[in-house]
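This is what each chain is made of:
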Amino acid sequence: MSTSVVSGRVDEKVRQRADAYIRAAGSTPAEVIKVVWENIARTGEVPEEEPEEPCGAWERFMEFRESLPEAEPWLVNLTKEQMRDMIASRYA
């Protein structure tokens, strides 16, 4: 069986969110695209674009997370013990 490459463009944020769901489902974008194309070929039905729904809790969280500033380098490199001591010192 010969194969061909199918490509398309989507908004970067849409791609990132979809990639997270696809990975969480244990799949890959290539596998999802293959399934969609095979379903279209088998049924003759093309999925319709659904209207944008209000973001769910996960989408709102991911958008919030993306809006946060980068962590300071010193904070990223703290060990568990250093982090524990820093937090404890604030409440001592």
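Here is what the cut-offs are and how they apply
Residues numbered from 1 in each chain as written. Predicted model: local features only at pLDDT ≥ 70, side-chain atom pairs only at ≥ 80, totals over all residues. Heavy atoms only, no water. Helix = DSSP H or I, 4+ residues; strand = E, 2+ residues; numbered from the N terminus. Expected span 1.5 Å × (residues − 1). Polar contact = N/O pair within 3.5 Å; in protein donor to acceptor, adjacent residues only side chain to side chain. Salt bridge = Lys/Arg side-chain N within 4 Å of Asp/Glu carboxyl O. Buried < 20%, exposed > 50% of the residue type's maximum accessible area, 1.4 Å probe, protein only. Phe/Tyr/Trp six-rings, centres within 6.5 Å; stacked < 30°, edge-to-face > 60°.

Q: What's the story with helix α1 (residues 12-24) in this structure? I'm lost.
A: One turn of the α-helix equals 3.6 residues, which is why residues spaced by three or four share an orientation. End to end, α1 covers 18 Å across 13 residues, agreeing with the expected 18 Å (1.5 Å per residue, within 8%). The N-terminus of α1 is capped by aspartate 11, whose side-chain oxygen sits 3.0 Å from the backbone nitrogen of lysine 13. One or two positions beyond α1, positive phi appears at glycine 26, with a value near 75 degrees.

Q: Can you walk me through the pattern of salt bridges in this structure?
A: As a working rule, side chains carrying opposite charge can pair if their charged atoms are close by. A full pass over the atoms with the stated rule returns five salt bridges. Between glutamate 12 and arginine 15 there is a salt bridge whose closest N-O contact spans 2.5 Å. Of the two residues, glutamate 12 and arginine 15 both sit in helix α1, three residues apart, roughly one turn of that helix. On the accessibility criterion, glutamate 12 (40% relative accessible area) is partly exposed. The closest approach of N and O atoms between arginine 17 and glutamate 63, which form a salt bridge, is 3.9 Å. Highlighted residues: arginine 17 in helix α1 and glutamate 63 in helix α3 (residues 57-67), separated in sequence by 46 residues. A network of salt bridges, in which partner residues are shared, links Glu12, Arg15 and Asp19.

Q: What is the right way to read the environment of lysine 13 from this model?
A: Considering the arrangement of structural elements, one finds lysine 13 in helix α1. Under the relative-accessibility criterion, lysine 13 is labelled partly exposed at 46%. With 53 residues separating them along the chain, lysine 13 and glutamate 66 place their C-alpha atoms 9.7 Å apart.

Q: I keep staring at the packing of aromatic side chains and nothing clicks. Help me out?
A: If you walk through the whole model with that rule in mind, you get one aromatic pair. Judged by centre distance (5.8 Å) and plane angle (40 degrees), the rings of tryptophan 58 and phenylalanine 61 are tilted. Of this pair, tryptophan 58 and phenylalanine 61 both sit in helix α3, three residues apart, which is roughly one turn of the helix. Phenylalanine 61 sits in the partly exposed class, given a relative accessible area of 40%.

Q: So what exactly am I meant to see when it comes to the environment of arginine 9 here?
A: For arginine 9, the location among the structural elements is in the segment before α1. Sequence separation between arginine 9 and isoleucine 87 is 78 residues; the distance between their C-alpha atoms is 44 Å.

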